[in-house]
Amino acid sequence: MSADQLPHNHGENINYILKDLPENANFSAVSGLFSSLADANRIKLFWYLCHMEECVINLSALMHMSSPALSHHLKILRENGLITSRRAGKEMYYKATNTEEVRLLHHMIELLIDITCPEHEGERQ
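- As named in an unreviewed UniProt entry, the protein is Transcriptional regulator, ArsR family, taken from Acidaminococcus fermentans.

Written out as structure tokens, the structure is:
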């Protein structure tokens, strides 16, 4: 599509924006990622796992959740490539995936906490 094909011409040339428009599949991928974090518990769980590796039992206690509820959230984060797991004996341990994308997402979450909860910023200093 070009600016010439739009129903209304407001005198602005948006062709420079349209040339950089990502494919629809890219927007779908971002939407999927946001869906995986569209739950406060998953954001908190992801935040924990960006700071430490931990077993399911301890994560359940930290999150005040049953193991089945926690497993549901872990599955969603794992399916979206945000966390990884390893088995040690009978225990499963989880941590954030060691990628630049995950580090950036974690940083974005911390920035959003500072923006949406300004009183929190003073707590971290």
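**A look at the UniProt feature "domain: HTH arsR-type" (unreviewed entry) in the protein**
No. 1: As annotated in UniProt, the feature "domain: HTH arsR-type" (unreviewed entry) corresponds to residues 22-116 in the numbering used here.
No. 2: Taken end to end, residues 22-116 is 66% helix and 15% strand, and its first and last C-alpha atoms sit 28 Å apart.

**A look at the sheet that holds strand 2 (residues 83-88)**
No. 1: Within the open sheet, the three strands sit side by side as 1-3-2. Their pairing is antiparallel. Of all strands in the sheet, those bounded by a partner on one side alone are strand 1 (54-55) and strand 2.
No. 2: Most of the contacts of helix 5 (residues 67-79) go to strand 2, to which it runs at about 120°, and overall it touches strand 2 and strand 3 (91-96).

**Details of helix 6 (residues 100-116)**
No. 1: When the terminal C-alpha atoms of helix 6 are compared, their 24 Å separation across 17 residues agrees well with the 24 Å that a helix rising 1.5 Å per residue should span.
No. 2: Among the residues of helix 6, Val102, Leu105, His106, Ile109, Glu110 and Asp114 are the ones counted as buried.

**A few points about the nonpolar core**
No. 1: One finds Leu45, Phe46, Leu70 and Leu74 to be the most contacted residues of the largest nonpolar core, which totals 19 residues.
No. 2: Listing elements by their share of this core, those giving two or more residues are helix 3 (40-51), helix 4 (56-63), helix 5, strand 3 and helix 6.
No. 3: Not counting residues within four places of it along the chain, the set of residues in contact with Leu74 comprises Leu45, Leu49, Val56, Leu59, Ile83 and Tyr94.

**Details of helix 4**
No. 1: Those residues of helix 4 that sit buried are Val56, Leu59, Ser60 and Met63. Take helix 4 and look down its axis: the buried residues cluster within an arc of 105°, on one side only. Opposite the packed face of helix 4, turned more than 90 degrees from it, sit the exposed residues Ile57 and Ala61.
No. 2: Considering only its buried residues, helix 4 is in contact with helix 3, strand 1, helix 5 and strand 3.
No. 3: Directly after helix 4, the chain includes His64, whose backbone phi takes a positive value near 55°.

What counts as what
Residues numbered from 1 in each chain as written. Predicted model: local features only at pLDDT ≥ 70, side-chain atom pairs only at ≥ 80, totals over all residues. Heavy atoms only, no water. UniProt positions renumbered as here; feature names shortened; annotations may be inferred. Helix = DSSP H or I, 4+ residues; strand = E, 2+ residues; numbered from the N terminus. Pairing = 2+ DSSP bridges. Contact = heavy atoms within 4.5 Å. Axes fitted to C-alpha atoms, helices over the stretch in contact; angles between N-to-C directions. Expected span 1.5 Å × (residues − 1). Buried < 20%, exposed > 50% of the residue type's maximum accessible area, 1.4 Å probe, protein only. Core = buried A, V, L, I, M, F, W, Y, C linked by side-chain atoms within 4.5 Å. Arc of directions from axis to C-beta.

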